[in-house]
Amino acid sequence: MRKIEIITRPYKLEDIKKALTDAGVKGMTVSEVKGFGRQRGHKEIYRGAEYQVDFVPKIKIELVIDAAIVPTVLKAIEGAARTGEVGDGKIFITPVEEVVRIRTGETGKDAI
Amino acid sequence: MNAADTAFILISAALVLLMTPGLGLFYGGMVRSKNVLATLMHSYVLIGLISIEWAILGYSMAFGSDIGGIVGGLDYLNLAGMDKPNDLAKTVPHLAFMAFQMMFAVITPALISGAFAERVRFSAFLLFSLIWAICIYNPLAHWVWGGGWLAGLGALDFAGGAVVHMSSGASALAFCLFLGKRKNYGREPFIPHNLPMTILGAGILWFGWFGFNAGSALSAGDLAASAFVTTHLAAAAASLSWIFAEWMHRGKPTTLGLASGAVAGLVAITPAAGFVTPMASIIIGLVGGLVCYLGVNMKHIFKYDDALDVVGVHGLGGTWGALATGLFATKAVNEAGNDGLLYGNPDLLWSQFISVVATWVFCFVGTLVILYIVNAIIKVRVNEEDENKGLDVSQHGETGYQN
């Protein structure tokens with residue numbers, strides 16, 4: 001099992017969700033986060049004073065999937081989220097030791 | 001006694017009262033979210049404190065029988081002598097005039113609160129505001145409106161350019177110099193947490209200002225209509241000149257700029273509202289927006305932390321308005337006024353200049369003295385930990401937003 005963490009542009013959320021569910025993903029968790037990478041931030045102006053705002057709004061999507069479908073899922077995410085400009089974000093993949101479905105006590109792949 | 005005038009003054013008084021909550025919203029949106037309640041409180045609590053002070057003592061100090069041109073006597077102490085009208089407003093009940101003036105006394109110290117936002121101790125702020133109202137506002141109102149020495153000099157201040165705006169601006173400068181900068185000011189961006197709140201506040205201020213300026217005609221007639229129109233046009237002109245100035249300077253017209261410009265125009269026209277023509281008011285507004293835009297950028301050059309730009313907007317806007325009155329005033333608008341420089345009378349500009357210098361010096365020095373006294377009793381600035389936590393939690397035990 002693998003955990004996939006996607007950090008990307010907020011307005012891409014709906015496209016990514018659709019691509020993921022089409023690829024067979026059953027559930028995911030989304031949070032609104034702030035951060036910067038190579039894109040850095042932007043300038044804001046208040047009463048004539050310029051402020052550099054480094055932390056820009058991003059979304060973080062987390063999902064746990066069977067290792068076998070990782071390539072399909074990555075392809076789906078890239079297809080939905082890529083614009084080719086800086087700021088498209090990153091995908092992190094980590095191994096997951098165990099998953100438990102709280103309602104039934106099922107574990108492993110059955111619990112995903 | 002005139003029923004129309006009475007109704008007009010009472011409604012105007014209510015409009016001016018509404019400006020103080022409006023100011024609270026205007027300021028409240030500009031601070032960081034951890035200080036929003038404390039900033040609202042700085043305006044709202046003064047409705048309570050100054051109203052009581054005004055009824056007991058303030059009105060008499062400002063409008064009681066003149067003592068040496070400096071202060072009013074105690075003839076109206078505890079609202080005694082309200083059974084016959086004041087000579088300044090013969091057609092309305094004395095209490096109506098007193099209530100109208102009360103709302104001006106309330107908003108003036110609230111204006112100063114923008115300078116010391118996000119770092120003042122609430123108890124010290126209360127004590128300061130009370131002493132400031134008694135020692136600065138009441139005498140100044142007497143000098144200008146109550147038959148004191150500035151009125152005797154011929155200086156014109158229709159609705160409070162000196163008494164309300166220059167006084168709060170000069171006091172704000174003294175206060176933020178005394179207090180020092182907010183922690184991490186200049187190191188991290190201090191960005192307004194809720195601009196829609198600020199824009200709403202500016203709209204309420206604009207609306208209430210019709211009571212402030214048109215109401216200052218003290219009767220429902222030609223002069224009130226004239227002041228109403230000049231007030232509106234100046235605000236309109238300044239809202240445009242501010243955003244076009246920043247558009248050229250920084251590349252974007254901002255909503256905060258539009259709101260700030262409107263307030264700057266309202267400030268600038270305040271002393272002139274009942275003395276100038278509508279076309280003059282447009283010029284006063286256009287220049288007012290530019291002057292105040294330069295004014296708010298001055299703090300970065302001189303490195304003082306006037307958090308919400310009281311000096312730039314009220315201090316400089318009020319000063320420009322007072323001088324503009326000396327330029328554009330004409331007896332064609334108001335027989336009781338005077339002609340300004342552009343109508344062939346340089347003397348008025350000189351009187352206006354003296355009133356500017358006197359107001360700035362009196363309020364700046366007076367505020368510093370009061371601050372040293374208050375600080376000896378209660379530390380005016382909160383400690384570092386309380387400042388980090390925010391004034392909402394540290395001073396009031398509340399949080400503005402739950403999420």
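Scroll up for the structure.
Every chain is numbered on its own, with residues counted from 1 as its sequence reads. Here chains are named by letter from A upward and ligands by number from 1 upward, in the order in which they appear as written. Selection of residues for local features in this predicted model requires a pLDDT of at least 70, selection of side-chain atom pairs for listing and counting requires 80 or more, and totals for whole chains, interfaces and linings are taken over all residues. Heavy atoms from the whole structure form the basis of all side-chain values; hydrogens and water molecules are not counted.

Draft legend 1. Quick look at the interface of chain B and chain A. Residues count as neighbours in contact if any of their non-hydrogen atoms are within 4.5 Å of one another. Listed by partner, the interface residues are 21 residues for chain B and 10 residues for chain A. Overall, the association of chain B and chain A removes approximately 1200 Å² of surface from exposure, summing both partners, and the carbon and sulfur fraction of that is 60%. Buried area: the sum, over both parts, of the accessible surface (1.4 Å probe) that disappears when the two are put together. Interface area lost by chain B to chain A is led by Pro189(B), Ile191(B) and Arg250(B), which between them contribute 38%. One side-chain nitrogen of Lys or Arg within 4 Å of one carboxyl oxygen of Asp or Glu is enough to make a salt bridge. A salt bridge links Asp309(B) to Arg47(A); its shortest N-O distance comes to 3.0 Å. In the analysis that follows, any N or O atom pair within 3.5 Å is treated as a polar contact, provided that within protein one partner can donate a hydrogen and the other can accept it, and provided that, for residues neighboring in sequence, both atoms belong to side chains. At the junction of chain B and chain A, the tally comes to four residue pairs in polar contact (both at pLDDT 80 or more). Under the scheme used here, helices are H or I runs from DSSP no shorter than 4 residues and strands are E runs no shorter than 2 residues, and both carry numbers assigned from the N terminus. Of all the secondary-structure elements, those providing two or more residues to the side of chain B that touches chain A are α8 (222-250), α9 (255-269) and α10 (278-302) of chain B. The residue inventory of the side of chain B that touches chain A, partitioned by class, reads 12 nonpolar, five polar and four charged. All residues other than Ala, Val, Leu, Ile, Met, Phe, Trp, Tyr, Cys, Pro, Asp, Glu, Lys and Arg, Gly among them, are scored as polar; the first ten of these are nonpolar and the last four charged.

Draft legend 2. Structural view of the packing of aromatic side chains. Residues and elements named next belong to chain B. Only centres within 6.5 Å qualify two rings of Phe, Tyr or Trp (six-membered ring in Trp) as a pair; their planes then separate them into stacked at under 30 degrees, edge-to-face at over 60, and tilted for everything else. Tallied over the entire structure, the rule returns 27 aromatic pairs over all chains. Measuring from ring centre to ring centre gives 6.1 Å for Phe-26 and Tyr-27, while their planes differ by 35°; the resulting arrangement is tilted. Overall, the relative accessible area of 1% leaves Tyr-27 in the buried class. Between Phe-210 and Phe-228, the aromatic rings sit 4.0 Å apart at their centres with planes inclined by 10°, giving stacked as the arrangement. Taken together, the positions of Phe-210 in helix α7 (residues 195-213) and Phe-228 in helix α8 put the pair 18 residues apart, joining distant regions of the chain. Whether a residue is buried, partly exposed or exposed follows from its accessible area with a 1.4 Å probe, protein chains only, as a fraction of its type maximum: under 20%, in between, or over 50%, in that order. In this structure Phe-228 comes out as partly exposed when scored by relative accessible area, which is 39%. Here the guanidinium or amino end of Arg-32 rests over the ring plane of Phe-190, the centre of that ring lying 3.9 Å away. Any Lys NZ or Arg CZ that is within 6 Å of a ring centre and within 35 degrees of that ring's normal is treated as a charge sitting over the ring.

Draft legend 3. Broad picture of helix α3 (residues 94-112) of chain B. Given the number of residues in a helix, its expected span is that number minus one, multiplied by 1.5 Å. Taking 1.5 Å as the rise per residue, α3(B) with 19 residues should run 27 Å; its terminal C-alpha atoms sit 29 Å apart, in good agreement. Summarising burial for α3(B): 18 of the 19 residues are buried, a large majority.

Draft legend 4. Looking closely at the layout of surface pockets. All names here are of chain B. The pocket and cavity definitions rest on a 1 Å grid over protein atoms only: a 1.4 Å probe that fits but cannot leave marks a cavity, an open set with protein on both sides within 12 Å along at least five of seven lines marks a pocket, and residues lining either have an atom within 4 Å of a point. Grid points are joined across faces, edges and corners, and a volume is the space filled by probe spheres set on the points. Its boundaries defined by the atoms lining it, the largest pocket holds a volume of some 640 Å³. Taken together, 26 residues form the lining of the largest pocket, with Leu-88, Trp-145, Phe-158, Ser-216 and Leu-218 sitting closest to its centre. The biggest single contributor to the lining of the largest pocket is α3, with three residues. Its residues assigned to classes, the lining of the largest pocket shows 17 nonpolar, six polar and three charged.

In short, the description is geometric, and any link to function would need to be established separately.
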